[in-house]
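Architecture and fold: a report
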Amino acid sequence: DNLVTGVNGNEINARHHGIYLFDNYGGLYQNFESNRITIDGEKSGVGILAQELKTASSFNCTIVSNQIDVTNGKAGIEMINLDKSTVSYNRINLFPGTISTAPTSNGILVEAGQNNTVSCNDVLGFGDDDTLRNGYKVSQSLGNKLLCNSSDSIGYAYLFEGAGCTGTLFKGNYIGKSYSGLYLNSAAIIGQQPVIQLPLLAYHGNVWEDSSRYSSGFGAVNLNEFPPINL
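First things first, this report covers the structure right here in the doc. These numbers were taken from a predicted model, which means no experiment stands behind them.

Some thoughts on the layout of surface pockets
Estimates place the volume of the largest pocket at around 420 Å³. Leu182, Leu184, Ile190, Gln193 and Asn222 are, among the 18 residues lining the largest pocket, the residues nearest its centre. Contributions of two or more residues to the lining of the largest pocket are made by strand 21 (178-184) and strand 23 (220-222). When residues in the lining of the largest pocket are grouped by element, the largest group, three residues, is from strand 23. Here the residues of the lining of the largest pocket are counted per class, giving 10 nonpolar, seven polar and one charged.

Concerning the pairing of strand 21
Strand 21 sits mainly inside the fold: six of its seven residues count as buried. By the bridge criterion, five bridges tie strand 18 (residues 154-161) to strand 21 in an arrangement that is parallel. When the bridges of strand 21 are listed, Leu159 appears paired with Tyr183. Sheet topology note: the strand 21/strand 23 ladder contains three bridges and is parallel. Considered in strand 23, the bridge of Tyr183 is made with Val221.

Conventions we followed
Residues numbered from 1 in each chain as written. Predicted model: local features only at pLDDT ≥ 70, side-chain atom pairs only at ≥ 80, totals over all residues. Heavy atoms only, no water. 1 Å grid on protein atoms, 1.4 Å probe; cavity = no way out; pocket = protein on both sides within 12 Å on 5 of 7 lines; lining within 4 Å. Points joined across faces, edges and corners; volume = space filled by probe spheres on them. Helix = DSSP H or I, 4+ residues; strand = E, 2+ residues; numbered from the N terminus. Nonpolar A, V, L, I, M, F, W, Y, C, P; charged D, E, K, R; others polar. Buried < 20%, exposed > 50% of the residue type's maximum accessible area, 1.4 Å probe, protein only. Pairing = 2+ DSSP bridges.

Encoded structure:
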């Protein structure tokens, strides 16, 4: 309990996991910063995997300023059951590799967590028609903040799955060339974005490029809302 861990400034080449932290409930603080990680060789490979057995308000993890290259892997950064953690200023490159049965890859993957901040990260793919590669995926995770991130040349830039994503704040993100910019599946509910009162500008600063940059023909879609005119 109340221990501090730091893994900083390392050069890591791995097949399965570059850094794997598991079951650190009760830890005071953990910092993973300025590591250079290359993942290649396993479909389940993850650059940095942070996993808890349960969400814990006392757990404080920061993943900051890492450079991660993933070829045919699962994710650059994967967070499972994290609470009140911060993922910021990371650069993730998702390479398609050469195998014919490539897995689905995610730049940053948030699963079953809550109250985390994902900000100022950059995820780059190498083909907007490649729907096996996603920029940011949030699944069954409450109250997370996605702020000032960028994604380009990717399949789904920002992907939400499940009603458990309520309370999401989606603000100041750049949505570049992709198959689809912002995608909510048929069960996804992220909640209404906060209303900004005039005379302040009534928008949240997310940037979609023109529609020609989206191979699917749409910059954003919410499959959980019908009829579409409600959007």
